[in-house]
Amino acid sequence: MLETSPPEIFDCQSCGACCAYQADWPRFSLESDEQLAAIPEQFVAADLSGMKFDVDASGKGRCAALTGTLGKHVGCAVYAVRPQVCRDCMPGDPECHMARKALGFAVEDLPDPDVYYG
Ligand code: SF4
Ligand code: SF4
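Not measured: the values here are computed from a predicted model. (Residues numbered from 1 in each chain as written. Chains lettered and ligands numbered in written order. Predicted model: local features only at pLDDT ≥ 70, side-chain atom pairs only at ≥ 80, totals over all residues. Heavy atoms only, no water.)

A. View of the nonpolar core. Within the largest apolar cluster, 18 residues are counted, with the highest numbers of intra-cluster contacts made by C18, I39, F43, M51, A65 and V78. Discounting chain neighbours no more than four positions away, the residues touching F43 are M51, K52, A64, A65, A77 and V78. Counting five residues, the second-largest nonpolar core is a separate cluster that includes I9, F10, C96 and V107. (Core = buried A, V, L, I, M, F, W, Y, C linked by side-chain atoms within 4.5 Å. Buried < 20%, exposed > 50% of the residue type's maximum accessible area, 1.4 Å probe, protein only. Contact = heavy atoms within 4.5 Å.)

Structure representation (structure tokens):
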């Protein structure tokens, strides 16, 4: 998410939906202690289960590390050390579709992951 490989497949930096989908995304899973220690603690949930998820007064939430404006231009403040689930989510995969639909973003132009990622 946020940077596709190759980036011309889809511009995740114009989206960010999977970083704002729900509070228990992204959770930590396969990361080593060293990998988790590299994520600045201000972005980590109090129970250490995953990234911190900030919810605003209107009830909308997003990963604490997400910068910018959803659907316009976003970035990840911990991109180099982001959790595994963030590395696994690819534009056009089922989780991507779910997140974009939940936020009201179009899914028609998403790539077919079977074509691009094998
Ligand atoms: S850590 Fe970065 S890539 Fe992962 S959900 Fe948060 S903002 Fe998105
Ligand atoms: S929801 Fe899909 S298109 Fe949007 S940032 Fe995540 S992987 Fe990229």
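B. Region of interest: the layout of surface pockets. The calculated volume of the second largest pocket comes to roughly 170 Å³. Taken together, A20, Y21, F53, D54, V55, D56, G59, K60, G61, R62, L70 and L103 form the lining of the second largest pocket. Of all the secondary-structure elements, those providing two or more residues to the lining of the second largest pocket are β1 (53-55) and β2 (61-63). (1 Å grid on protein atoms, 1.4 Å probe; cavity = no way out; pocket = protein on both sides within 12 Å on 5 of 7 lines; lining within 4 Å. Points joined across faces, edges and corners; volume = space filled by probe spheres on them. Helix = DSSP H or I, 4+ residues; strand = E, 2+ residues; numbered from the N terminus.)

C. How the structure looks around the site of ligand 2. What surrounds ligand 2 is a group of 12 residues, the closest being C12, C15, G16, C18 and C96. Residues that form the shell around ligand 2 fall into these classes: 10 nonpolar, one polar and one charged. (Near = heavy atom within 4 Å. Nonpolar A, V, L, I, M, F, W, Y, C, P; charged D, E, K, R; others polar.)

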